[in-house]
Amino acid sequence: MCSIIGYCSKGLAAAPIIVKGLKRMEYRGYDSVGVATESNNQIELKKATGKVDEVNLKVQLDSLPGKIGIGHTRWATHGKVTDINAHPHQSNSGKIAIVHNGIIENFEELKKQLENEGYSFKSETDSEVIANLLQKNYESTRDVKETIMKTVAEIKGHYTFVAMFENGQLAAARFHEPLIVGIGKDDYFLSSDVLGFIERTDEAIYVKNRNFVLMNSSGIQIFDFEGNETKSHIVKVSKEFADAYKGDYAHFTLKEISEQPTTIIKAGKKNSDEIAKAIDLIKHAKTLYITGSGTSYNAAVIAKYLFAKHAKIKAEIILASEFPFSPISIDQNSVVIAISQSGETADILESVDLAKKSNAKIISIVNNLMSSLVRRSSCVIGLNCGPEIGVAATKSFTAQLAIIYKITEELCDGCIGIDLKKVSDLISKLISNKSKIQLIAKELKEVTDIYVLGRGIHYPIASEAALKLKELTYIHAEGIPGGELKHGPLALMDSNVYVLIINPNDSTYDDTLTSAREIRARGAKIIGISNKSSDVYDHWIEIPTIDETMYPLIEIIPIQLLAYYAALEKDTDPDYPRNLAKSVTVK
Ligand code: F6R
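The model shown is predicted, which means the values in this text are computed figures rather than measured ones.

What counts and what doesn't
Residues numbered from 1 in each chain as written. Predicted model: local features only at pLDDT ≥ 70, side-chain atom pairs only at ≥ 80, totals over all residues. Heavy atoms only, no water. Helix = DSSP H or I, 4+ residues; strand = E, 2+ residues; numbered from the N terminus. Rg over C-alpha atoms; globule rule 2.2 N^0.38 Å. Buried < 20%, exposed > 50% of the residue type's maximum accessible area, 1.4 Å probe, protein only. Contact = heavy atoms within 4.5 Å. Areas by Shrake-Rupley, 256 points an atom, 1.4 Å probe, with all protein chains shown as cover. Lys, Arg positive; Asp, Glu negative; His and termini not counted. Charge placed at Lys NZ, Arg CZ, Asp CG, Glu CD. Disulfide = S-S within 2.5 Å. Core = buried A, V, L, I, M, F, W, Y, C linked by side-chain atoms within 4.5 Å. Pairing = 2+ DSSP bridges. Axes fitted to C-alpha atoms, helices over the stretch in contact; angles between N-to-C directions. Expected span 1.5 Å × (residues − 1). Polar contact = N/O pair within 3.5 Å; in protein donor to acceptor, adjacent residues only side chain to side chain. Phe/Tyr/Trp six-rings, centres within 6.5 Å; stacked < 30°, edge-to-face > 60°. Lys NZ or Arg CZ within 6 Å of the ring centre and 35° of its normal. Parallel < 35°, antiparallel > 145°, perpendicular 65-115°, else oblique. Near = heavy atom within 4 Å. Nonpolar A, V, L, I, M, F, W, Y, C, P; charged D, E, K, R; others polar.

K.L.:
Account for the overall build of the chain, with residues named and values stated.
P.N.:
When helices and strands are tallied, the chain shows 17 helices and 24 strands. By the compact-globule yardstick of 25 Å for 587 residues, the chain fits well, its C-alpha radius of gyration being 25 Å. Along the longest, intermediate and shortest principal axes, the C-alpha atoms of the chain span 75 × 50 × 45 Å. Buried residues in the chain amount to 61% of all 587 residues. In the chain, the proportion of contacts linking residues at least 24 apart, taken out of those at least 6 apart, comes to 70%. Split by element, the accessible area of the chain, about 22500 Å² in all, is 48% carbon and sulfur. The average position of the 68 basic charges and that of the 74 acidic charges among the side chains of the chain differ by 2 Å.

If you want it as structure tokens, here you go:
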């Protein structure tokens, strides 16, 4: 996933504003960066591998001249991470430059055609074909609007691109990837995310799918792919986006972990009507499915457990990437709960589209209320936890859980007696007692394998813990259901291994402690996460005692902190782990 930006102004230099916007959208992709600007009817371009600040220091992106420009941060899909593959890409004539987010599925075919017509290509990317196709179509039409219409009719896939012509005209087309117009006092933006322009304006137009925008310093026009002008509404973007600053925190990840006492309380707060609607849909569903990817899937596993245990409602959980291949029977009486922070994950959108083809109803539990998932849903519950910039999901996970608890509580007529205020206070205490966790994190520096054990409702937390550890520290980590230890994983236990045991004093306690002893006997080091100490633990991370059902919300917190501090020890970047992207909009 990449971020793209286009900017034009009557008086201000474009490049520094574009670089700032890219910096704020860097979470979307961060292996290379580039900016191109127009000045005196000429396009100038600078790009290189690295993060925004590094590249800017190296090549001074922000010194490019002109009041109009485009920019990009890349997350490689087609072609390696190299300077040449970085965006923007220029057409052969040098008169058009483009930035692109998404995938052009028929790029090989188009590239061959263009090569036969004499065009040449410098990069390995699918994106460069857009630049040359635009050149070809512009040379035959001499009209930017017609050029865009011809070009979008020829490319297949899902994409948003912004093109800059040498006369300073900008054009952007949207097909299943985000595109937002920002309207400032004397300037305009095209951007993948509101964060690209929130510092300068909070007025935005969310461009509809299959629409394109023509922009220059005197205004904008929006058309559908058939060339009809479309009406668009200007909306005021929530000021909460401005929260996307690290403030005094060293990293977004630490800031977001620390926000959880507040975010679990705020979760779903603005959506009581939608929660009521979801409950009605769930109660009347003939078949209920819950889907998500990564962390959001781990939340789905907990939802299945809670619905079954407390409300006697059976749900089938399916990884979003497996949804198209799962033998499931969905019809108009089915309900699919789609859980996603970004609402843009390609696997989840595909699952939802498949379910909708069979007329199933979609409930989404999602943070980004402007996302593609929201537009596909019959009922939308917002996580309401504010922008999450750190690539590893932290506060969005606990907000998802808080909503799932609220739904379960309604489904079982208050049988759990959840008290999120109490949970919030306990999380605050856990976050302020991090010195022991920091010490343990030092020990993990040289470790190559970590296993995380949990039984029952603690197993999805073990999976989530392993996911956080591998993302942030690059240490191999695996979640194991406690009882499965003896069916294979025990063979891996030796003195080089660390095992995290999620073991609150509840119905799973004794069995899990037995597993811990079996592991200890093989020489592995044990970190116990529990409200009860034991001599079997090499390190004990104490968690407070709470009702058995509520432990997941508590026990994940020290593990998020452990992963964060271990990342610092290993000198990895906790906000932007290598090879990952915040929302995975490719399949
Ligand atoms: C884990 C993580 C990913 C996401 C997954 C789904 O820390 O960030 O595993 O959870 O890519 O993303 P969303 O929730 O945006 O659909």
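K.L.:
Provide a residue-level description of the state of the cysteines, including the pertinent values.
P.N.:
Disulfides are covalent bonds that connect the sulfur atoms of two cysteines. Using the criterion set out here, one finds one disulfide in the structure. The residue that forms a disulfide with Cys412 is Cys415, at a sulfur-sulfur distance of 2.2 Å. Where Cys412 bonds to Cys415 through sulfur, the torsion about that S-S bond is close to -90 degrees, and the disulfide is left-handed. For Cys412, a relative accessible area of 10% corresponds to the buried category.

K.L.:
For the nonpolar core, give the residues involved together with the corresponding values.
P.N.:
Formed by 89 residues in total, the largest nonpolar core has its most connected members in Phe307 and Ile407. Of the residues forming this core, the biggest block, 13 residues, is contributed by helix 17 (residues 551-570). Discounting residues that sit within four places of it in the chain, Phe307 has contacts with Ile282, Leu288, Ile290, Lys312, Ile313, Ile337, Ile404, Ile407, Thr408 and Leu411. Counting residues in each nonpolar core, the second largest holds 30 residues, with Tyr30, Val35, Phe197 and Ile389 among its members.

K.L.:
Give a detailed account of the sheet that holds strand 7 (residues 157-165), specifying residues and quantitative values.
P.N.:
Ordered in space as 5-6-7-8-12-13, the six strands form an open sheet in which the pairing is antiparallel. On the outer flanks of this sheet lie strand 5 (89-90) and strand 13 (219-224), each paired with one strand and no other. Alignment of strand 5 against strand 6 (residues 96-104), held across two bridges, turns out to be antiparallel. From the neighbouring strand, His89 faces strand 6, where its bridge partner is Ile98. Across the sheet, helix 5 (residues 144-154) is in contact with strand 7, strand 8 (170-175), strand 12 (211-216) and strand 13; its angle to strand 12 comes to roughly 150 degrees.

K.L.:
Run through helix 17, naming residues and quoting values.
P.N.:
Because each turn of an α-helix spans 3.6 residues, side chains separated by three or four positions end up pointing in the same direction. Its 20 residues give helix 17 an end-to-end C-alpha distance of 29 Å, which sits within 8% of 28 Å, the value for a rise of 1.5 Å per residue. With 17 of 20 residues buried, helix 17 lies mostly within the body of the structure. Positive backbone phi, approximately 65 degrees, marks Asp571, located one or two places after helix 17.

K.L.:
Got a sec to walk through the side chain of His458? Specific residues and values, please.
P.N.:
Looking at the element boundaries, His458 is found in helix 15 (residues 458-473). Only 2.7 Å separates the side chain of His458 from the side chain of Glu555, close enough to count as a polar contact. Leaving out residues up to four positions away in the same chain, His458 has contacts with Ile502, Pro504, Asp506, Thr508, Tyr551 and Glu555.

K.L.:
Tell me about the packing of aromatic side chains, and please be specific about residues and values.
P.N.:
Summed over all chains, the structure comprises eight aromatic pairs. A centroid spacing of 4.8 Å and a plane angle of 55 degrees characterise the contact between Tyr7 and Phe189, whose relative ring orientation is tilted. Here the residue Tyr7 occupies a position in strand 1 (residues 3-9), and Phe189 occupies one in strand 10 (residues 187-191), the gap between them amounting to 182 residues. Pair check on accessibility: Tyr7 and Phe189 agree, each one buried. By the ring-pair criterion, three or more aromatic residues cluster together here, those being Tyr159, Phe161, Phe175 and Phe225. Between the NZ or CZ atom of Arg578 and the centre of the ring of Tyr474, over which it lies, the distance is 3.9 Å.

K.L.:
Mind laying out the packing of helix 12 (residues 395-411) against helix 17, listing which residues take part and the relevant values?
P.N.:
Axis separation between helix 12 and helix 17 bottoms out at 10 Å; the angle between their running directions is 170 degrees. Put simply, helix 12 runs roughly antiparallel to helix 17. Between helix 12 and helix 17, the contacting residues are Phe397, Thr398, Leu401, Ala402 and Tyr405 on the first element and Pro552, Leu553, Ile556 and Ile557 on the second.

K.L.:
Tell me about the site of the ligand, and name the residues and values.
P.N.:
Within the structure, the ligand sits among 14 residues, and Ser296, Ser340, Ser342, Thr345 and Glu471 are positioned closest to it. Residue Ser342 places a side-chain N or O atom 2.6 Å away from an oxygen atom belonging to the ligand. In the environment of the ligand, an oxygen atom lies 2.8 Å from a nitrogen or oxygen atom belonging to the backbone of Ala393. At the level of secondary structure, the elements contributing two or more residues to the shell around the ligand comprise helix 9 (294-311) and helix 15. Class assignment of the residues belonging to the shell around the ligand gives a composition of four nonpolar, eight polar and two charged.

What is shown is where atoms sit, not what they do.
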